[in-house]
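Here is what each chain is made of, one letter per residue.
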Amino acid sequence: MKVYEKDQKVKITLKVNGKEIETEVEPRRLLVHVLRDLGFTGVHIGCDTSNCGACTVILNGKSVKSCTLLAVEANNAEILTIEGLAKDGKLHPVQEAFWDKHALQCGYCTPGMIMQSVWLLKENPNPTEEEIREGISGNLCRCTGYQNIVEAIKTAAEKLRLDQPLYQRQ
Ligand code: FES
Ligand code: FES
């Protein structure tokens, strides 16, 4: 087992939004802080007990709360944050639907909520309202009352299904 000295830093590589980034971190450093320090400040911190989901990113295809993961554990992982979602300035359908359906107010929960929604729609492209509410139950919002977020996810689901070739549709 490798033992680290106090304050010793470890070299890690993160693949964030398709780009490899090398950095040095203390083993105790949380992924959320490292991502923010690297400039991905769309990743937010809304609590210190892993319940709010404002820090949600997609890591190796899974939605994770980056406040509850050490950065060293994410060594070599592929991470997608809100900043990597739009392509050449064109919004991802989930981003577009949040805009169209007024699914945000202060915007603080929004990056995490959108990343969770993107993951949810990959897992379940045709969710019921109940499945949507369950699917975002790890993401808290103080402003919207959730209703418009649910509408946005329904709209995005429809758009994403239509974008898929016929044979892939559910
Ligand atoms: S900051 Fe609240 S769950 Fe991560
Ligand atoms: S829009 Fe303000 S917390 Fe969700």
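Here is what the cut-offs are and how they apply
Residues numbered from 1 in each chain as written. Chains lettered and ligands numbered in written order. Predicted model: local features only at pLDDT ≥ 70, side-chain atom pairs only at ≥ 80, totals over all residues. Heavy atoms only, no water. Helix = DSSP H or I, 4+ residues; strand = E, 2+ residues; numbered from the N terminus. Rg over C-alpha atoms; globule rule 2.2 N^0.38 Å. Buried < 20%, exposed > 50% of the residue type's maximum accessible area, 1.4 Å probe, protein only. Contact = heavy atoms within 4.5 Å. Expected span 1.5 Å × (residues − 1). Arc of directions from axis to C-beta. Domains from an automatic or database assignment. Buried area = accessible area lost by both parts, 1.4 Å probe. Core = buried A, V, L, I, M, F, W, Y, C linked by side-chain atoms within 4.5 Å.

## Concerning the overall build of the chain
Along the chain, the regular secondary structure elements total 5 helices and 5 strands. Put simply, the chain runs from its N terminus to its C terminus through helices and strands in the order β-β-α-β-β-β-α-α-α-α. In terms of overall dimensions, the chain is globule-like: its C-alpha atoms have a radius of gyration of 17 Å, near the 15 Å expected for 170 residues. The principal-axis extents of the C-alpha atoms in the chain amount to approximately 55 × 35 × 30 Å. Each of the 170 residues in the chain was classed as buried or not, and the buried ones make up 43%. In the chain, the proportion of contacts linking residues at least 24 apart, taken out of those at least 6 apart, comes to 54%.

## Describing helix α5 (residues 147-163)
In this model, α5 (17 residues) spans 25 Å end to end at C-alpha, consistent with the 24 Å of a helix rising 1.5 Å per residue. Within the span of α5, buried status applies to I149, V150, A152, I153, A156, A157 and R161. Buried residues of α5, seen end-on, are gathered within an arc of 165° and therefore sit on one face of the element. Here the buried face of α5 lies against α2 (93-100), α3 (110-123) and α4 (129-135).

## A few points about the domain arrangement of the chain
Domain parsing of the chain yields domain 1 (10-82) and domain 2 (93-168). Here domain 1 and domain 2 have C-alpha centroids that lie 22 Å from each other. Residue-level contacts link 17 residues of domain 1 with 13 residues of domain 2. Buried area between domain 1 and domain 2, both sides added, is near 1,200 Å², and the carbon and sulfur share of it is 60%. By the criterion of area lost to domain 2, the three top residues of domain 1 are H44, T56 and I82, representing 38% of everything that side buries.

## A short note on the nonpolar core
Soluble globular proteins tend to bury their nonpolar side chains together. Grouped together as the largest cluster of nonpolar side chains are 23 residues, with contacts concentrated most on V94, F98, M113, I114, I149 and I153. When contributions to this core are tallied by element, the ones reaching two or more residues are α2, α3 and α5. With sequence-adjacent residues up to four places away left out, M113 is seen in contact with F98, I136, N139, L140, C141, Y146 and I149. Of all hydrophobic cores here, the second largest spans 21 residues; its members include I21, V57, C67 and A77.

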